[in-house]
Amino acid sequence: MIARAAREIAPGMVVNLGIGLPTKVLDHLAPDFPVCLHTENGLTGIGPTLPYDRADRNLIDAGGAYVSTIPGSAFFDSATSFALVRSGRLDLTMLGAFEVAQNGDLANWKIPGKFSPGVGGGLELAQKARRVVVVTTHTDRAGNPKLLAECALPLTAARCVSRIFTELAVVDVTPDGFALREIAEGTSVAEVAAATGARLHLPADEIPTF
Amino acid sequence: MIARAAREIAPGMVVNLGIGLPTKVLDHLAPDFPVCLHTENGLTGIGPTLPYDRADRNLIDAGGAYVSTIPGSAFFDSATSFALVRSGRLDLTMLGAFEVAQNGDLANWKIPGKFSPGVGGGLELAQKARRVVVVTTHTDRAGNPKLLAECALPLTAARCVSRIFTELAVVDVTPDGFALREIAEGTSVAEVAAATGARLHLPADEIPTF
Amino acid sequence: MRLPDKTTTIEAAVERIAPGATIMLSGFGVPGTPFQLIRELVRQGQGGLTLIKNDANETGMGVDHLLASGQVRRLITTHIGLNARAVAMMNAGELEVEFCAQGILAERIRAGGAGLPGILTDIGMQTELAEGKPRIEIGGVPALVETALRVDVALIHAARADVFGNLAYAATARNFAPLMAMAADVVIAEAETVVPLGGLEAEQVHTPGPFVDHVVALEALTEEYGIVRR
Amino acid sequence: MRLPDKTTTIEAAVERIAPGATIMLSGFGVPGTPFQLIRELVRQGQGGLTLIKNDANETGMGVDHLLASGQVRRLITTHIGLNARAVAMMNAGELEVEFCAQGILAERIRAGGAGLPGILTDIGMQTELAEGKPRIEIGGVPALVETALRVDVALIHAARADVFGNLAYAATARNFAPLMAMAADVVIAEAETVVPLGGLEAEQVHTPGPFVDHVVALEALTEEYGIVRR
């Protein structure tokens, strides 16, 4: 799933990888792939993650990982960082999710009564990146679907998600709802449909695998 | 008048000197006087004006004069420059004037039908500096008073001027209107009053000269 | 002309903070957090504080000391997920927490620093964070009105300062510092290195000196400033 | 990961400008004005333009060439007092001019660059510049609503650029450049020196590369960039 999600990044893009699963996409980008990674705490041109003994105490990403710079990196303040996001200079963001609705609504910041550590920068990433894709497990730990007819949890942003990468499938959000685009090798359409909490449109042709 | 106006600057102040007469105040500050001069095109810590053959083509003040830096100068963009002005970090500005009213209204940017080159940065200086003083001739070229009961010209800012320095006098704007504070050596109170277009309150004691 | 010297001791600087003050603190996680100024504020003990900071640091670090000592009444922040005490105090009603989208927090602070009364934005309009906030139309499109944030005191960590208060930040330790350093009536900067006038190049200053009131030189960095192993 | 190269020729960059485009131009007087980009725009001849620039330069320089060639329909600016042609064209009704307080022009541009629809301010509220502008109350205090400015193209002069579009400005040539370089759909930077990736230090970048679309290396500076004797 992570390797497949990494192929979503086109050459030349400016990309923000959210905390959690999306961060792992970094490991699947070739060293000379032309891309600019952005972290909302104030850096464009993120380089490889460093081990503790080589880390710079002043150089982290938004998830707190010790990262590095590459030739052409730039540092800036938090206002400039989100100016970049809100003004349309962020081509793509990959985010985690608690729930995604078939209209593209995303919930990924709060579970009332259980988990409400705050919203961080995710709200603006979700609402303003030119393209928002979700990288998530297809179901939660209890086995409940995360792809739903509508979100029950408080929204992060409405109608923002274009595509979802899970361990089972690649699913697009279309005007008609969820559409299955690709399926993981060894997975059946029935399994994906069963793990999805809303109607899943199937392609007319054979479904590619990843 | 210029030398007297220069004494208005207290040690440690951040000061903006407007284009024209106020700029000349610079020449009356001692080399080691502790003051930070600001120019709205993006510099704090203005140093001496330079002759053309020693000028830096990229280093001007808002009036277009070739200036220099001093140890501790900083450059910044136009938004930051006016953030400094609007957020109360500018202790004092000295501005020119077409008209000043006895309530402190200032008109110094437009003469309808004759002169309307634009407002520049003067409007924010007048409205937001902690203290606004005017350095001007007491009358215009035709001999008409510039200190008036009320302004006829379009305002730059209302009720902003605290004090006026002219070649004849130092006049304060008080809740009761203009008050004569000091008088130029060799000038009579009657001359000042005659050149002033509004009631001029006189001090009870002897009037100091400058 | 010469520029005045604003260096002082950490004790004298932090004594400018009154009980009940509103305070901004720079930093995103460890980088940029003014740990020494926070320690001194804990030592002096001013209570009833309202803090504005991106996060609540981690348990046992930075802002957490102020929470543990009971000096904080209210926190305006974006995310406190790494501080279990902050979450527990919030859930127990012992700490009032206002969450704000990170970039909107940055803009509200910047507006306070720019002498603007608020900002207009469409961020979070479709979420519960917009509840109760006024809306206007601009060019026929709805926008939220969010108030500017301006406080009594900003506590700022800088990599380098000159004695006039020009500041420069290291790497991602910059984050909220240049914004907060504009948005307080009293700005106190602690700096890892304090240089004489002329020691910072005019083009490389991140916060111009006129915004800063007091400069405190850090003698040595405590372990809080270091690499955090998780 | 490596960062992409955005260098191009001045001809190809300026060809991105369509007739009738809205264009921001950096500069305050001579410092920061993109004279070569302006020259190429005069050569290519796109007309019906709306320009946003602090000033109109001086007669015979910079923006004045675009006024002389009749390419400009409208100008949003703060002050045109050094350009007699601009004043004459305005008075003759040949050029539509909108004046804006300088810091408010800066903030309106910044808002456009920050993805905000407008700003709230009390500047000019007591003057004729506020006429016709909407007012709201914020915290019981009246404020003007001023719309954000965002344009099709920004033409920026930088002292140094790397090939990815990170920009650094010299001295007071910075002025409006970092703001305008955020506020356009297409940002074209001319640079006195273009360096390879890594040639600008990450902490000393004034405009981060992601905001910039095209980088043009200036071969030599024309006399317009020099000291002006008056």
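Parameters and conventions
- Residues numbered from 1 in each chain as written.
- Chains lettered and ligands numbered in written order.
- Predicted model: local features only at pLDDT ≥ 70, side-chain atom pairs only at ≥ 80, totals over all residues.
- Heavy atoms only, no water.
- Helix = DSSP H or I, 4+ residues; strand = E, 2+ residues; numbered from the N terminus.
- Rg over C-alpha atoms; globule rule 2.2 N^0.38 Å.
- Buried < 20%, exposed > 50% of the residue type's maximum accessible area, 1.4 Å probe, protein only.
- Contact = heavy atoms within 4.5 Å.
- Areas by Shrake-Rupley, 256 points an atom, 1.4 Å probe, with all protein chains shown as cover.
- Phe/Tyr/Trp six-rings, centres within 6.5 Å; stacked < 30°, edge-to-face > 60°.
- Lys NZ or Arg CZ within 6 Å of the ring centre and 35° of its normal.
- Buried area = accessible area lost by both parts, 1.4 Å probe.
- Salt bridge = Lys/Arg side-chain N within 4 Å of Asp/Glu carboxyl O.
- Polar contact = N/O pair within 3.5 Å; in protein donor to acceptor, adjacent residues only side chain to side chain.
- Arc of directions from axis to C-beta.
- 1 Å grid on protein atoms, 1.4 Å probe; cavity = no way out; pocket = protein on both sides within 12 Å on 5 of 7 lines; lining within 4 Å.
- Points joined across faces, edges and corners; volume = space filled by probe spheres on them.
- pLDDT = per-residue confidence, 0-100.
- Least-squares fit on C-alpha atoms with pLDDT ≥ 70 in both.
- Pairing = 2+ DSSP bridges.
- Expected span 1.5 Å × (residues − 1).
- Axes fitted to C-alpha atoms, helices over the stretch in contact; angles between N-to-C directions.
- Parallel < 35°, antiparallel > 145°, perpendicular 65-115°, else oblique.
- Left-handed = near helix turned anticlockwise from the far one by under 90°.
- Nonpolar A, V, L, I, M, F, W, Y, C, P; charged D, E, K, R; others polar.

### Concerning the overall build of chain A
Move 1: For chain A, the count of helices and strands is four helices and 13 strands.
Move 2: Its C-alpha atoms give chain A a radius of gyration of 17 Å, near enough to 17 Å, the size a compact globule of 210 residues would have.
Move 3: Considering only C-alpha atoms, chain A reaches an extent of 50 × 40 × 35 Å along its principal axes.
Move 4: Taken across its 210 residues, chain A has 63% of its residues classed as buried.
Move 5: A separation of at least 24 residues holds for 61% of the contacts in chain A among residues at least 6 apart in sequence.
Move 6: By element, 50% of the accessible surface of chain A is carried by carbon and sulfur atoms, the whole surface being about 8,000 Å².

### Remarks on the packing of aromatic side chains
Move 1: Enumeration over the complete set of coordinates arrives at six aromatic pairs over all chains.
Move 2: On the numbers, 5.8 Å between centres and 75° between planes, the contact of Y52(A) with Y66(A) is edge-to-face. Pair noted here: Y52(A) is in the loop between strand 3 (43-47) and strand 4 (68-75) and Y66(A) is in the loop between strand 3 and strand 4, with a separation of 14 residues, a long-range link.
Move 3: Relative to Y225(D), the ring of F35(D) lies with its centre 5.0 Å away and its plane at 85°, an arrangement referred to as edge-to-face. Placement of the pair is F35(D) in helix 2 (residues 35-44) and Y225(D) in the segment after strand 11 (214-217), with a sequence separation of 190 residues. Taken as a pair, F35(D) and Y225(D) share a single burial class, namely buried.
Move 4: Over the ring of F164(C) we find K6(C); its NZ or CZ atom is 4.1 Å from the centre of that ring.

### Re the interface of chain D and chain C
Move 1: With 22 residues of chain D at the interface, the matching set in chain C holds 22 residues.
Move 2: Here chain D and chain C share an interface that buries about 1,800 Å² over both sides, 59% of which is from carbon and sulfur atoms.
Move 3: The closest approach of N and O atoms between E107(C) and R110(D), which form a salt bridge, is 2.8 Å.
Move 4: The interface formed by chain D and chain C holds nine residue pairs in polar contact (both at pLDDT 80 or more) in total.
Move 5: Looking at the side of chain D that touches chain C, the elements that each hand over two or more residues are helix 5 (102-113), strand 5 (118-121), strand 6 (135-138) and strand 7 (141-147) of chain D.

### Here's the deal with helix 4 (residues 84-91) of chain C
All names here are of chain C.
Move 1: Regarding helix 4, the residues found buried are A86, M89 and M90. In a view along the axis of helix 4, the buried residues occupy a sector of 100°, so they form one face of it. Relative to its buried face, helix 4 has exposed residues pointing more than 90 degrees away, namely A84 and N91.
Move 2: Considering only its buried residues, helix 4 is in contact with helix 3 (63-68) and strand 4 (96-99).
Move 3: With a side-chain oxygen positioned 2.9 Å from the backbone nitrogen of R85, the residue opening helix 4 is N83.

### Notes on the interface of chain D and chain B
Move 1: Listed by partner, the interface residues are 40 residues for chain D and 38 residues for chain B.
Move 2: Interface area for chain D against chain B, summed over the two sides, is near 3,300 Å², with a carbon-plus-sulfur share of 59%.
Move 3: Ranking the residues of chain D by area buried against chain B places Q126(D), T172(D) and I227(D) at the top, with a combined share of 18%.
Move 4: Applying the counting criterion to the chain D and chain B interface returns four salt bridges.

### Concerning empty space enclosed by the protein
Move 1: Under the counting rule described, the total for this entry stands at six cavities of 30 Å³ or more.
Move 2: In this structure, the largest cavity spans a volume of roughly 610 Å³.
Move 3: Of all elements in the fold, only helix 2 (78-86) of chain A, helix 2 (78-86) of chain B, helix 6 (177-180) of chain C together with helix 6 (177-180) of chain D reach the threshold of two or more residues within the lining of the largest cavity.

### Quick notes on the confidence of the model for chain C
Should the pLDDT be low somewhere, the predicted coordinates at that spot are not to be read in detail.
Move 1: Mean pLDDT over chain C: 97, with 100% of residues reaching 70 or higher.
Move 2: For this predicted complex, the interface score ipTM comes out at 0.98, alongside a pTM of 0.98.

### Describing the relation of the copies chain D and chain C
Move 1: Here chain D sits on chain C after a turn of 180° about the axis and a move of 0.0 Å along it, with an RMSD of 0.0 Å. Between the two chains, the operation in question is that of a two-fold axis.
Move 2: Both copies contact each other with a shared surface, as 100% of the interface residues of chain D are interface residues in chain C too.

### Section: the pattern of salt bridges
Side chains carrying opposite charge are able to pair once their charged atoms draw close together.
Move 1: Applying the stated rule across the entire model yields 46 salt bridges over all chains.
Move 2: With a closest N to O distance of 2.8 Å, D122(C) and K128(A) form a salt bridge. Linking D122(C) in the loop between strand 5 (118-121) and strand 6 (135-138) with K128(A) in helix 3 (residues 122-128), this pair reaches from one chain into another.
Move 3: Residue D122(C) is classed as partly exposed on the basis of its relative accessible area, which comes to 23%.

### Description of the sheet that holds strand 6 (residues 99-101) of chain B
Residue and element names in this part refer to chain B.
Move 1: In spatial order, the strands read 7-6-9; together these three strands make up an open sheet with mixed pairing. Both outer strands of the open sheet, strand 7 (106-107) and strand 9 (147-148), are each paired with one neighbouring strand and no more.
Move 2: Two elements, strand 6 and strand 9, share two bridges in a ladder whose sense is parallel. From the neighbouring strand, A101 faces strand 9, where its bridge partner is L148.

### Some thoughts on the side chain of R163(B)
Residue and element names in this part refer to chain B.
Move 1: If you trace the backbone, R163 turns up in strand 10 (residues 161-165).
Move 2: R163 sits in the buried class, given a relative accessible area of 15%.
Move 3: Engagement of the side chain of R163 in a polar contact is seen with the side chain of E8, the distance being 3.2 Å.
Move 4: Sequence-distant contacts of R163, defined by excluding residues within four places in its chain, comprise R4, E8, R131, V132, V133, V134, V170, V171, D172 and R181.

### Examining helix 5 (residues 102-113) of chain C
Residue and element names in this part refer to chain C.
Move 1: For helix 5, spanning 12 residues, the distance from its first C-alpha to its last is 17 Å, which sits close to the expected 16 Å at 1.5 Å a residue.
Move 2: When you tally the buried positions in helix 5, you get 12 out of 12 residues, the bulk of the element.
Move 3: Along helix 5, the positions that sit buried rather than exposed are Q102, G103, I104, L105, A106, E107, R108, I109, R110, A111, G112 and G113.
Move 4: Directly after helix 5, the chain includes G115, whose backbone phi takes a positive value near 70°.

### Quick look at the packing of helix 2 of chain B against helix 5 of chain D
Move 1: For the pair helix 2 of chain B and helix 5 of chain D, interaxial distance at closest approach is 9 Å and the crossing angle is 125°. As judged from the angle between their axes, helix 2 of chain B and helix 5 of chain D are oblique. Once helix 2 of chain B is placed against helix 5 of chain D, the crossing between them reads as left-handed. Side by side, helix 2 of chain B and helix 5 of chain D meet where S78(B), A79(B), F82(B) and R86(B) of the first sit next to Q102(D), G103(D), I104(D), A106(D) and E107(D) of the second.
Move 2: Across the contact of helix 2 of chain B with helix 5 of chain D, the residue classes tally to four nonpolar, three polar and two charged.

### Considering the side chain of T121(C)
Move 1: You can see T121(C) is positioned in strand 5.
Move 2: At 2.9 Å, the side chain of T121(C) and the backbone nitrogen of I123(C) are in polar contact.
Move 3: T121(C) has contacts with I104(C), A143(C), L144(C), E146(C), L116(D) and P117(D), leaving out every residue within four places of it along the chain.

### Concerning the environment of T33(C)
Residue and element names in this part refer to chain C.
Move 1: With respect to the helices and strands, T33 occurs in the loop between strand 1 (22-25) and helix 2 (35-44).
Move 2: Apart from the residues within four sequence positions on either side, T33 is in contact with S26, G27, I38, K53, N57, H157, E190 and Y225.
Move 3: Only 2.6 Å separates the side chain of T33 from the backbone oxygen of G29, close enough to count as a polar contact.

### With respect to the sheet that holds strand 8 (residues 132-135) of chain B
Residues and elements named next belong to chain B.
Move 1: Here 10 strands make up an open sheet; going across it, the order is 4-3-2-1-5-8-10-11-12-13 and the pairing mixed. Each edge of the open sheet carries a strand with a single partner, namely strand 4 (68-75) and strand 13 (200-201).
Move 2: Across two bridges, strand 12 (residues 177-183) lies against strand 13 in parallel orientation. Bridge pairing links F178 to L200 in strand 13.
Move 3: With respect to the sheet, helix 2 is in contact with strand 1 (14-17), strand 2 (36-39) and strand 3 (43-47), its orientation differing from that of strand 2 by roughly 125°.

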